[in-house]
Every structure is written in C-alpha cells, then in structure tokens.
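Below are the chains, spelled out letter by letter.
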Amino acid sequence: MSFARYEFIIKKMAVIMLALGIILHIIPYFVEHSLFIDEAMVASTIMTRDLENLVLIQMDYGQSAPIGYLYIVKLCTLVFGVSKVSLRIWSLICLFGTCGLMYYILDKLYHVRRAAYFTAIFSLLPFYISYSSQVKQYTSECMFVLAVVILFWYYFHARISLWCLCIICSIVIWFSFVPVFFIVGGMLLVVKDIFKNKSFLNFMPCLLPAFSFAVYYFFWLTGTESNAGAKGFWDLLAFPLIPSSLDDIVLILKMVKQSIGPQLKHMCVLYILAAGYTLYSWRKDRDHKVSFYILGLVILLVASAMGYYPIVARLMSFFAVLVLILAAVSLDEYWHRLELKWQYSRKKLAVLMSLATILLVLPLGYTVKEMVRGNLIFWHETEIVQNLAYLEKNKKPSDMIYVYWGAQPSYFFEKGFPYGGPNNWEMAKIGTITDEYIWGKKLNEFYYRKPYSYDGHPREDNIQHDIENIKRYDSVYLFTSHMNGEKDVYWQLFLNELKAYGDIEIVSVDHDTYLYHFQRRV
C-alpha cells in the first residue's frame, strides 16, 4: 500500500462513516416510537401552554429544561404541527450542530489533520444516537458547550472583543444549563488577565453575563430548586466534593462511571489520551486551551456539591465530547509521527490502516448491536398507540383502566388528551390519590405519588393503595410503558400481590410496553 493510497482510503473512510453516522441518527425518525415518560412530561409543558404562558410557571411533573430550549421546541410544533417528530427535531439539529462545531474546533482551532475521522467517531456513538431522537435538551447542551469553547478561543486569540464575548455569553445562558459552568470558568481566566494587565476598565463587560445569570436564576432556576421532585433528585446525586465516608467514595466511583461509561463505552483509551494531553499541556497553557476545560469542570463539581447539578450520564453528555476533542488532539500528533516514520513501509502502513479501521468499527459495531436489540430505538413503531388500538377495539363499557405511573404522560400524549383531542373513554378512578377526580384532571398529583423513593426503593404504601383501588372492580386493564418488564421491582411486587385477588393475563408485549388484564376472582 502506497502512502498516497493510504491517505485516500483514510479520508474516504472518514467521510463514509460520518455519512453512516448521520443516517443512524435519522433512522429513529422513521420509526417514530412512542414518547417515554420523561419526553412526555416535557411535552406536557410545551403542548398545554401557549407562547405567552410557556415559562410563567415551572414545568409540569418536576421537569427542568432551559427557557430557550422550551421556546425553540414550541416554535417547532407551531411551524411543523404537533407530532413526535416536531417535538424531537431540535435534538437532531443540535446533534448535527455538535458534529459541525466539533469538526471546526479540531480542524481550525487545534489543526488536527484527521478532524473528519474523529468527528465520524462521535457521530457513531450510540449514547448520542439515542438522545438525538428524544424530547430532551442533552444534545443542545453539547452544541452550546462547543459554541462557548469557540467563543473563548476567539477572544483569547484577539478575534472578538470582550464586549462581543460577554453579550453572546449572556444570551447563551438562557438556552442551555451546562455552558454556564464554562462561561464562569472562562470569565475567571478573563479576570485573571485583567489583573495581570491592570486593564480594570474591562471589568464592565464582565458584569453583563453575571447580571444575565442572576436574572435567569431568580426567574427560572429558583422555581426548579423549590420543586420537590427536581430538588430530591438533585440532592441525591450531588457530588461529594470532600468525601467523609466510604459511601461518599462509592458514590464518586458511580458518578465517574456514569460520566464516562455510557458515552464512550469500549473506548477507554480515549480518556487516557485526553488526560495525558491535558496534564502535559497545562504546564505551558498560555492561551488557556486546557485551563478553560479544567475550570469549567471544577466549577460544575462545586455546583453539584452544593446541590445545584446532579451527576448522571445524560446530564454529563457534554463530557465525552470534550474528551474526544482532547483525545483527538493527542492521538493525531502521535498518528502523524508514525505516518512520517512509516510512510515508505507498505506493511507498517497497512497496520496503521487496520488500527484506524478498528477505532471506527468499535463504536459502529456496538451501535448496530444496540439498535438491533432495541436499546436505542423501539423497533415496533408506536407501542402505546398499538395498545390503545387494542383497547379501543376490545374494551367493554364496564372495563376500567389503570395507567401505571411511568405510562401516564405518554398515554395521554398518544391518546390526544389533554393535547387537543377528546377523551373518548370513561377513565378509571383508580391509581390516583383520591377517588374524587378522574384521570387527566390532576396529573401532577399522581406523579408525586410515584412508586419509588429517591433512594430507589419501592414504596410499599403506594402498592397497597393501588391494589385496594383495583380489586374493587371486576375487570381492569393495566397499562404500562417502557418499564423494563420484569426488571421493574415495584411492578413485580404489585403484580404478585394483586394475583391474590384475581387472574392476570398479559394481553400484549411490545418491546418493554406491556398491557395486562386483571379479572377479579369471584
């Protein structure tokens, strides 16, 4: 293999894999699977409020999302009509935006020779294929973090003014949560340079992002903090900055696994390369290429320790993107040295080609496997819709319907109620806190009576409450959604106790969406 042919194959392989990655991200939009619980809860806020009232009160079901994200998705539904595609399309756009910004950072800022190759690796990662087809803000977090990286790089290289930097950062704060940490880190570096150069008049523009965040915090984030559902989740997953017990150390290890595991699974070598490059470059980091990342992550961990940001895989989705960029810079340098050294050896070039192919095939193979197994998208199309069609055909007037907590918002979205369609059935007065109101009248009340406590243990009192309501009726359909079937501990305890009062039949199983029928024993 000649060096010219080797160069040609590497470039073509990167382009083909990048195109394949884009196709894999688009495929879920043809499947159009049902909204799972978190998506439907976010959709509830977007679909039941008009533009004027979208953010006047906190989101339904204890959810949390940036104001800018909510308005963009709302506009998508107004422009393209209400559908699962219009709710999810912004996530796909942001994923493509992340790919474009990653390529730009690698090619223009770090001058990585194989920028398209490393961007292709990112496009093939299964974690991001899953979230690019969900009504969640995680791909937009990645895109805005990279946008902030570019902004500060431009400023530190005198490409934009401090006023321009601060104005744009003040706007970004309203569109995404995570960039705030990196904006604070970048501003600390700016302030450091101001003191070093004694240019104290430059403090004025730095106050603009601080003011913008203060307004945003008191207008929007304080409401999220006061929300019992969100606050309990945040407190449980606060990072123990100073471990005081063995439990804290175990929690830190779990959080590290959450942050690095799902995104770049089977590619841990990239973390080693990123860490090595970071430590090596930090010593002579005059233009803040590395300090910027480190400060942003440190501030995030401090905020988490204070209970302001939970550490879980989906909320750390940006981390693998930054790791991949730093690893690419390091790996590209070693790669180029080997190319120069081995360019006249056909066998050694073939070995280098094989290694490059393996690095691309690993994420592709894992992604295809997860897709086939249905872990990234649900291949049986709209599972909830199919169960609804069954009920529409087979439900008798006397039959009642119990909607398990994880299915409730998705159920109502697919049913078209309360999102504009009529409620055609007499819904069951069960599964709610009291019997005075019917499903759909007080959705929040049911959500807060959720089956699990924040430490993950099933709530036995709720099991008994649901069983007492269900066993009063002769015939009840039990409706679930994406509940992992037998893996759901609460549901299995619930079914086992309910069997004492009647016969339970599995009517249909579509991926992890189950429909049961309970017939009371006479």
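Residues numbered from 1 in each chain as written. Predicted model: local features only at pLDDT ≥ 70, side-chain atom pairs only at ≥ 80, totals over all residues. Heavy atoms only, no water.

**A closer look at the overall build of the protein**
When helices and strands are counted, the protein shows 21 helices and four strands. Here the protein holds 522 residues, and 55% of them are scored as buried. Summarising the internal contacts of the protein: among those between residues at least 6 apart in sequence, 74% fall at separations of at least 24. For the protein, the computed accessible surface area is about 23,500 Å², with 64% contributed by carbon and sulfur atoms. (Helix = DSSP H or I, 4+ residues; strand = E, 2+ residues; numbered from the N terminus. Buried < 20%, exposed > 50% of the residue type's maximum accessible area, 1.4 Å probe, protein only. Contact = heavy atoms within 4.5 Å. Areas by Shrake-Rupley, 256 points an atom, 1.4 Å probe, with all protein chains shown as cover.)

**Quick notes on the pairing of strand 1 (residues 400-403)**
Of the two faces of strand 1, the one holding Met400 and Tyr402 and the one holding Ile401 and Val403 are both buried throughout. Relative to strand 2 (residues 475-479), strand 1 is paired through four bridges, and the arrangement is parallel. Considered in strand 2, the bridge of Ile401 is made with Tyr477. (Pairing = 2+ DSSP bridges.)

**Focus on the environment of Trp90**
Structurally, the position occupied by Trp90 is in helix 4 (residues 84-109). The buried category is assigned to Trp90, whose relative accessible area is 14%. For the pair Trp90 and Ser133, spaced 43 residues apart in the sequence, the C-alpha separation amounts to 8.9 Å. Other than its neighbours up to four places away in sequence, Trp90 contacts Tyr69, Ile72, Val73, Ser140 and Met143.

**Things to note about a nonpolar patch on the surface**
Residues Leu241, Ile242, Val298, Val302, Met306 and Tyr308 make up a contiguous nonpolar surface patch of about 560 Å² in total accessible area. Along the chain, Ile242 falls in the loop between helix 11 (228-236) and helix 12 (246-260). (Patch = residues over 30% accessible without salt bridge, like charges linked within 9 Å, V, L, I, M, F, W, Y side chains within 5 Å. Salt bridge = Lys/Arg side-chain N within 4 Å of Asp/Glu carboxyl O.)

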